[in-house]
Amino acid sequence: MEESRRDVSATIIRNGRVIDPANKRDEIADLLIVDGKITPLSQLSTLNPQPDEIDASNLIVCPGLIDMHVHLREPGFGHKETIDSGARAAAAGGFTTIVCMPNTSPVADNPSTIAWIRNRAAGACVNVLPTGAISKGLAGEELAPIGSLAQAGVVAITDDGHCVQNHELMRRAIEYARMVGVPVLDECRDYNLVGSGVVNEGYWSTLLGLPGWPAVGEEVIVMRNILLAELCDHQVHCLHLTTAGSVRLLREARGRGVKISGEVCPHHIALTDEAIQSFDTNYKMNPPLRAQVDVDALLEGIADGTLSVLASDHAPHADFEKEVEFDTAPFGIIGLETELSLFLHLLVHKHRKIDIVRLIEMYTVEPAKLLKLDAGTLSVGASADVTLLDLDLEWTVRADEFQSASRNSPFDGRKLKGRAVRTIVGGKTVWRL
Amino acid sequence: MKQRWNRKDLLGLHELSAEEITFILETADAFKEVGAREIKKVPALRGKTLVNFFVEPSTRTRTSFELAAVRLSADVINISASASSLAKGETLKDTARNLEALHADILVLRHSSAGAPQFLAQRLQASVINAGDGAHEHPTQALLDLYTIREKRGTIAGLHVAIIGDILFSRVARSNIFGLVKLGARVTLVGPSTLVPREFEKLGVEVSYKIDNVLPNADVVNLLRIQHERQRKEYFPGIGEYTRFFGLTKERAKLLKPDCLIMHPGPINRGVEIDSEVADGLQSVILDQVTNGLAVRMAVLYLCGGIAT
């Protein structure tokens, strides 16, 4: 841009379909950003010189998307992903805010590690918000200093990657988290029932002789979390739900007003356990790919609001770690750069389970409400975190073009419809197609 | 041969057609005849190198493959897990690529992980022969079982085969199921409900928990070794109760048809899944299985080794 310097930066996004579920807004309009904030259009005439223009004709303009479940691997595993590379992957996927999990080395179970992460996050191109551990060392035995973690700025506590097996400890964690005002996120996995399971227990595990991970191993902990959320009257969020039984339990509990919520990852609706017959470890994740009946139940759960949050569980691993025997490979796949497109493709275009407005709401208002974030809206005065989407753009996933430091995606080569074309954080474009 | 066999690898029976399985059995007929000669050696794989790569202990399968390879005039190297660099942290892929760099032509792999042979077959030029992967497949064991049934009964189609024991964790059971069903046998799985889940019915077989109802109708009973070690403690109460409910005791053996074959992949636990008298009785073909294993493995090495060139 060669125009003269001005005291304030200003951008106007022209002619887009502005969808802002927080304000029940869906209209063709212009969006003005001044000094990194959403600004009333009435101030346009006072600006001199006039703002930079972005043409958003035929595009959707929405609040910057939030992925509340990613693994950034720093500190400790920078060869898989750094906070910086993970943030760039997020930007390329249309995300302006990501929430990172505490299973790093050292574990994010103490205020100094949280401070270290926040320090690194300050230089990242999107907003990176840390979570803290529920238990010391994610060992499930003693409470982490949850109050100090909250003061250090965590947006939630979770032992994700692990699951607190001791129900008494979990009860006290939820009670304590309520006092300090942070929600509890839980990976639902009963260690005894799951055992050494690596794939869904069912037809394919029987055929292939791979150790089965039964649906009930998830559902037992979902039930536990419902009962404890009710007992403690505090928000518990079930991460990456996968089974028809979990959806049924959650639907009943939410119907009674229990403070319980659930999230879905794209791979759990894009794929079934049939994919594991290739023994390709990019189909190995926790929880595992399930059967078609489970996929159908997840889609219904999304349609009726039982499942309210969409997230990736972005879990980077290096090639040399993933390219090993199936049962010894690490669990997890990356997702930041494909999740939005997969959900647009599957939920909005293919199965028509929800419309684009609800999809945006599930990626903005829902996580913002759950984590009490000042984000996910285009309200005047809000930080200008904005995502521009092309709902109909057809493209092919190319893993070698990912911004992520890792390549462990089962979606390489997949043709998808719809994607983010520009990502704006605090008024600044951090990525464009 | 080109029309009837074009695979460099033998990974499992699930992926083979009935015609391919039958072709292996027919090829084994010729090699069985070689074993009866005074000079038991043919030059089919002369100049080829076979690596027995056993990342899980095995004596009988490894010995059988080694002898089969020697009789085909191949050079044989044995590598076991404890001696290999896997213990030093090298990946399976790197170890296998090193073996290939030494111009190994055929890799016979025994591994505790299901899918390990598929993993290597996709990455190596060499032939990969699955000698047992986790609880997945043990194709040459099933082929020698099929060969033995066919030899003794003339056919497989229409026979009723009972497979008895720990089915859930058994690669022998899975490969047998795939092969028997493809060749038209009726298969009934018998064992404790925890080790024989109903899910197996989706593989085209029957499941029964009442051995005394199954034995009188069986043309073949294939007994699997039962163990009650660490992993199985939660699956059944103990060996004594297993034998009471599912052991092929002398008494139960009386329920069998006179021409019913008794098979076991070995090593047998006398007095546990089978009584000594029954194992050594006239209906037992357990040692024929061992002999036939040699012919079947020669056929497999010959067919796959020929394609790899």
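Quick note: structure is the one above.
Nothing here was measured: the structure is a model prediction, and the numbers come from that model.

Trainee: So what's going on with the pairing of strand β1 (residues 10-20) of chain A? Which residues, and what values?
Mentor: Residues and elements named next belong to chain A. Within β1, eight of the eleven residues are buried, which leaves it mostly tucked inside the rest of the structure. Pairing analysis gives nine bridges linking β1 to strand β2 (residues 25-34), with the strands arranged antiparallel. Within the sheet, the bridge partner assigned to arginine 17 lies in β2 and is isoleucine 28. The pairing of β1 with strand β4 (residues 52-55) spans four bridges and is parallel. What sits directly across from arginine 14, in β4, is aspartate 55. Taken together, the two bridges between β1 and strand β5 (residues 60-63) define a ladder with parallel strand orientation. Note that in β5 the partner of valine 18 across the bridge is valine 61.

Trainee: Which residues make up the interface of chain B and chain A, and what are the values?
Mentor: One frequently used descriptor of interface size is the decrease in accessible area upon assembly of the parts. With 22 residues of chain B at the interface, the matching set in chain A holds 15 residues. For chain B, the biggest contributors to the area lost against chain A are Ala114, Phe119 and Glu199 of chain B; these three give 26% of the whole. Our count for the chain B to chain A interface comes out at two salt bridges. Among the salt bridges present, the one from lysine 93 of chain B reaches glutamate 323 of chain A, with a minimum N-O distance of 3.0 Å. For the pair chain B and chain A, the interface holds six residue pairs in polar contact (both at pLDDT 80 or more). Elements supplying a minimum of two residues to the side of chain B that touches chain A: α3 (92-101), α4 (116-121) and α6 (171-182) of chain B. In terms of residue count, the dominant contributor to the side of chain B that touches chain A is α4 of chain B (three residues).

Trainee: Break down the sheet that holds strand β9 (residues 261-263) of chain B for me, citing the residues and quoting the values.
Mentor: All names here are of chain B. If you trace the five strands from one edge of the open sheet to the other, you get β7-β6-β5-β8-β9, paired in parallel fashion. Two strands lie at the open edges of the sheet, namely β7 (206-208) and β9, each paired on one side alone. Direction aside, the axes of adjacent strands within the sheet are offset by 20° on average. Bridge count between strand β8 (residues 220-223) and β9: three bridges; the pairing is parallel. Its bridge partner being in β9, valine 220 is matched across the sheet by leucine 261. Contacting β5 (160-164), β8 and β9, helix α5 (residues 139-153) crosses the sheet at an angle of about 160° to β9.

Trainee: Could you give an account of the pattern of salt bridges, naming the residues involved and the relevant values?
Mentor: Here the structure, examined in full by the defined rule, presents 46 salt bridges over all chains. For the salt bridge of arginine 150 of chain B with aspartate 29 of chain B, the shortest nitrogen-to-oxygen distance reads 3.0 Å. Of the two residues, arginine 150 of chain B sits in helix α5 while aspartate 29 of chain B sits in helix α1 (residues 18-35), which places them 121 residues apart along the sequence. A salt bridge links aspartate 212 of chain B to arginine 252 of chain B; the shortest N-O distance between them is 2.7 Å. Here arginine 252 of chain B lies in helix α9 (residues 250-253) and aspartate 212 of chain B lies in helix α7 (residues 211-214), a separation of 40 residues in the sequence. Among the charged side chains, a salt-bridge network with shared partners connects Glu168, Arg171, Arg172 and Glu175 of chain A.

So, how was this worked out
Residues numbered from 1 in each chain as written. Chains lettered and ligands numbered in written order. Predicted model: local features only at pLDDT ≥ 70, side-chain atom pairs only at ≥ 80, totals over all residues. Heavy atoms only, no water. Buried < 20%, exposed > 50% of the residue type's maximum accessible area, 1.4 Å probe, protein only. Helix = DSSP H or I, 4+ residues; strand = E, 2+ residues; numbered from the N terminus. Pairing = 2+ DSSP bridges. Contact = heavy atoms within 4.5 Å. Buried area = accessible area lost by both parts, 1.4 Å probe. Salt bridge = Lys/Arg side-chain N within 4 Å of Asp/Glu carboxyl O. Polar contact = N/O pair within 3.5 Å; in protein donor to acceptor, adjacent residues only side chain to side chain. Axes fitted to C-alpha atoms, helices over the stretch in contact; angles between N-to-C directions.

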